[in-house]
Structures are given as structure tokens and as C-alpha cells.
Amino acid sequence: GKIEDEAFEAADDRATILVVEDNAEMRRFITEVLASDYRVVTAADGEQALARAQTAPPDLVVTDLMMPRLGGDRLVAEMRRRPRLAQVPVLVLSAKGDEALWARLLAESVQDYVTKPFSAHELRARVRNLVMMKCARDALQRELATQNEDLSQLTRQLITNRQTLQRSMEALQESEHRWRALYEHSPVGIAMTDSAGQILAT
């Protein structure tokens, strides 16, 4: 039942693809092509897609351009204005008459496009490339974040060690000054010897 579905989703660590397509047959086709390799979430229009993406940011959005309520180009624009979605790659599904629009989108905000009609093989290849790039970028960002944290921790440790050493040096100098003052102004004779008893200074 529902608990089993939730347990399955929790255990499903595959990349998530959000498919945005108002045509039910095309949406079903894309889902069937991708479902064996990815966790597929669908939306029938841009508004629904934006809401779902904000709730759980996907690893890739595959979106049609011409849709009711909120078209693919406006969906991408809304995504890029939101920090959680700004870096999510987008693959546009384009009709042959959309060349000028997808060319502008490619230059500004999307990563790739597929021209309708397209084959299952082409869609899989383009999706795989974008997901691999996304995963590699995420891994690099995590590594850089770890290195930055390690470097920050090391810097703090070096500063602390330097401050401790400085305090120790100052304490040693103060002790030497006090001893020297006592040695020079003592009313009784003071002799400084080594461990063998040899007199070093009087």
C-alpha cells in the first residue's frame, strides 16, 4: 500500500527526472522511455511542474515549450529566479517551428533540446548526458565544500596555535625579565650554575 510505496521511494536513490508535457500520450511515452533508469515525476503544465520542483528539486527537467497556463519558456524563467532551482538542468522538447525560441533558450537558460518527433534512443542519450553532468557537478561542489571546511578548520587551528605560542613566548620573556631584575638587584649574592654545579654567572 502507501507505506510500501513510501519505503520504495525512500530507497530509490536514482536521479529524478521531472517530465512536463501537456499531451498525455507523449507524457506516457517519455515516462516509459526513462522509467527503467530514473525516477520519473510528471506534470501536465508549467504551473504544476514549478510547484513540484520547488517541493522536491529534480536532477533534470524535461519540458515541452507550448503548454497551457505556463509554457516551457516561462517555466524555465521562473526556475532560474529561484535559488533552489537555478542550477537544475533543463532539456526542452521542441517542435520544428520553435527554432528561434529554443536557440534563445539555449543561449540563456537551458542545457539541451530534442526536436519532435524524436527517438527513444536520442532522448535517453541526451538525458543521460545531462544527468551525468549534473551528478559530476554536485560531486565536485561537495568536494570543494569539504575542502573549504577543512581549510577553514586548519586556518582556525593555525591561528589558535600561533596565539598560544605567542602567549607562551610573552610569558617566558616576562619570566626572564623578572628573573633578570631579581638577579641584578638582589642584596645577596646569586650564582647561576649548570647541572654539574659549574658556575655560569654571578
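Per chain, the residues get numbers from 1 upward, laid out in the order the sequence is written. Given that this is a predicted model, residues contribute local features only at a pLDDT of at least 70 and side-chain atom pairs are listed and counted only at 80 or more, while totals for whole chains, interfaces and linings are drawn from all residues. Hydrogens and water molecules were not included; the side-chain quantities draw on all heavy atoms of the structure.

1. Concerning the pairing of strand E4 (residues 90-94)
Rules: Buried residues are those whose accessible area, probed at 1.4 Å on protein chains only, stays under 20% of the maximum for their type, while exposed residues exceed 50% and partly exposed ones sit between those limits. Only DSSP runs of H or I with at least four residues qualify as helices, and only runs of E with at least two residues qualify as strands; both kinds are numbered from the N terminus onward. At least two DSSP bridges between two strands are required for those strands to pair. Call a crossover right-handed when, viewed with both strands pointing away from you, the route from the first strand across the helix to the second goes clockwise.
Of all the 5 residues making up E4, 5 are buried; the element is thus mostly covered by neighbouring parts of the structure. With 4 bridges connecting them, strand E3 (residues 60-64) and E4 associate as parallel partners. Following the sheet pairing, Asp 64 is matched in E4 by Leu 93. You can see the chain leave E3, run along helix H4 (residues 72-80) and come back into E4, and the turn it takes is right-handed. Across 4 bridges, the pairing between E4 and strand E5 (residues 112-115) is parallel. The partner of Leu 93 across the bridge, within E5, is Val 114.

2. Points about the pattern of salt bridges
Should the charged atoms of two oppositely charged side chains come close, the side chains can pair. Note the following rule: Within this document, salt bridges are pairs made up of a side-chain nitrogen of Lys or Arg and a carboxyl oxygen of Asp or Glu, the two lying within 4 Å of each other.
Enumeration according to the criterion identifies 12 salt bridges in this entry. Salt-bridge contacts for Glu 21 lead to Lys 116; the nearest nitrogen and oxygen are separated by 3.3 Å. Taken as a pair, Glu 21 in the loop between strand E1 (16-20) and helix H2 (24-34) and Lys 116 in the loop between E5 and helix H6 (120-185) lie far apart in primary sequence, 95 residues in all. A salt bridge links Glu 78 to Arg 81; the shortest N-O distance between them is 2.4 Å. Here the residues in one salt-bridge network are Glu 21, Asp 64 and Lys 116, joined through shared partners.

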